[in-house]
Amino acid sequence: MTKTLRVELGADSYPIAVGTGILNRVGEFLTRDIKSNKVLIVSDSFVKARYMPIVHQSLTDAGFNVNAIEIPAGEESKSLAQFSRIQDSLVAHQLDRGSVLIALGGGVIGDLGGFAAAVYMRGISYVQIPTTLQAQVDASVGGKTAINHPKGKNLIGAFHQPKLVLIDVDTLKTLPQRDIRSGLIEVIKMGVIRDEPLFEMVEENLDAILNLEDAILIEIISSACVNKAEIVAKDEKESGLRMVLNYGHTFGHALEAVTDYNRYRHGEAVSIGMNCAAQLAVNLGMFSETDFQRQRTLLNRVKLPLTFPDDLTPEAICGAMYLDKKTLAGKLRLILPTRIGEVVICDDVEDRHVLEAISQCF
């Protein structure tokens, strides 16, 4: 079973395929959409061992000239050092402007590989093959590519749309349960910001989702991708509407930064961020206690964290939020919920209210 969606961006439009058994057909998909035969696959050690042979064989069988580079697993690899290694590999293997970079892995590989493709020879084509739930429903769609700076997440990057996104839900079967739960936050987030029926779908089918049943996985991933594709089509460069996708992320990115990106999965930090943003919205009279508790209940059922660690302070978290790229003229720009299915962009929330909400989430 395969569902095919499309991100409509004029000349930069591209398809998204969601289903099972897709890794075995990568060569077939690329033959349809890619004209060059020279490919560099970027992956990490975890993914390489499990999926590189399948993808490599599929591409070779389809007539592609394939090379690969392995990047250490983990958020720390979204760095200038690993970015430079990929550039070196692109040069060494003599990829040209018609060549293709394939990002095979989770969000780190997608962001890093996409940024490498965005700047090599001023931009070459790349294909996203996300292997984690978080990457499948969020990072692989929309063309945001980046690496981290020691002072903040994703501060160095570019908008560069992929030519193709291939999502094989079979890859989720080898992930630790912690990564499945962490990735599910991006589906829940999409439900909160614009799709209450999707939120309800997760509420009603959580056991089947966590048991990795194919049909429900394809359904929620497709729904999340459709939502994101619609947002990206209306606001590709994040000048307005697309900012709603950052719900929970300003708090979450700050938490990741002050814990050196090595304590939390991205989705876990976003879960805490969503809880904090919702608490702030309740405090400001924008969000009902009923909907606040509904979100908390679902996050609790998924076993995601809701509170900041005791060894941090509200001031440290708030300070790190100002290094987030979503600040505007020195003011925090926050995405706050008004109900399940709707959020608003706020850039006039006073620090004292932000600090109060953070304090309530310890």
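The coordinates are above.
The structure presented is a predicted model; accordingly, all values stated were derived computationally and were not measured.

1. Focus: the nonpolar core
1) Next: Formed by 83 residues in total, the largest nonpolar core has its most connected members in Ile-16, Leu-184, Ile-188, Ile-221 and Val-354.
2) Next: Contacts of Leu-184, omitting those with residues within four sequence positions, involve Leu-133, Val-202, Leu-206, Ile-209, Leu-210, Ile-220 and Val-302.
3) Next: Within the second largest apolar cluster, 23 residues are counted, among which are Leu-30, Val-47, Met-52 and Val-55.

2. Considerations on the packing of helix H12 (residues 314-321) against helix H13 (residues 351-360)
1) Next: Two elements in contact, H12 and H13, have axes whose closest approach is 9 Å; the angle formed by their N-to-C orientations is 125°. In terms of orientation, H12 and H13 fall into the oblique class. Between H12 and H13 the crossing geometry is right-handed. Taking contact as the criterion, the partners of Pro-314, Glu-315, Ile-317, Cys-318 and Met-321 in H12 are, on H13, Val-354, Leu-355, Ile-358 and Ser-359.
2) Next: For the contact of H12 with H13, a count of residues per class yields seven nonpolar, one polar and one charged.

3. A short note on unusual backbone geometry
1) Next: In this structure, Gln-94 is a non-glycine residue whose phi angle is positive, near 60°.
2) Next: Relative to the assigned elements, Gln-94 resides in the loop between helix H3 (80-92) and strand S5 (100-105).
3) Next: Looking at Gln-94, the relative accessible area reads 59%, which means it is exposed.
4) Next: One non-glycine residue, Leu-212, adopts positive backbone phi at about 60°.
5) Next: If you trace the backbone, Leu-212 turns up in the loop between helix H7 (196-210) and helix H8 (214-234).

How each quantity is defined
- Residues numbered from 1 in each chain as written.
- Predicted model: local features only at pLDDT ≥ 70, side-chain atom pairs only at ≥ 80, totals over all residues.
- Heavy atoms only, no water.
- Core = buried A, V, L, I, M, F, W, Y, C linked by side-chain atoms within 4.5 Å.
- Buried < 20%, exposed > 50% of the residue type's maximum accessible area, 1.4 Å probe, protein only.
- Contact = heavy atoms within 4.5 Å.
- Axes fitted to C-alpha atoms, helices over the stretch in contact; angles between N-to-C directions.
- Helix = DSSP H or I, 4+ residues; strand = E, 2+ residues; numbered from the N terminus.
- Parallel < 35°, antiparallel > 145°, perpendicular 65-115°, else oblique.
- Left-handed = near helix turned anticlockwise from the far one by under 90°.
- Nonpolar A, V, L, I, M, F, W, Y, C, P; charged D, E, K, R; others polar.

Nothing here speaks to function; it is geometry throughout.
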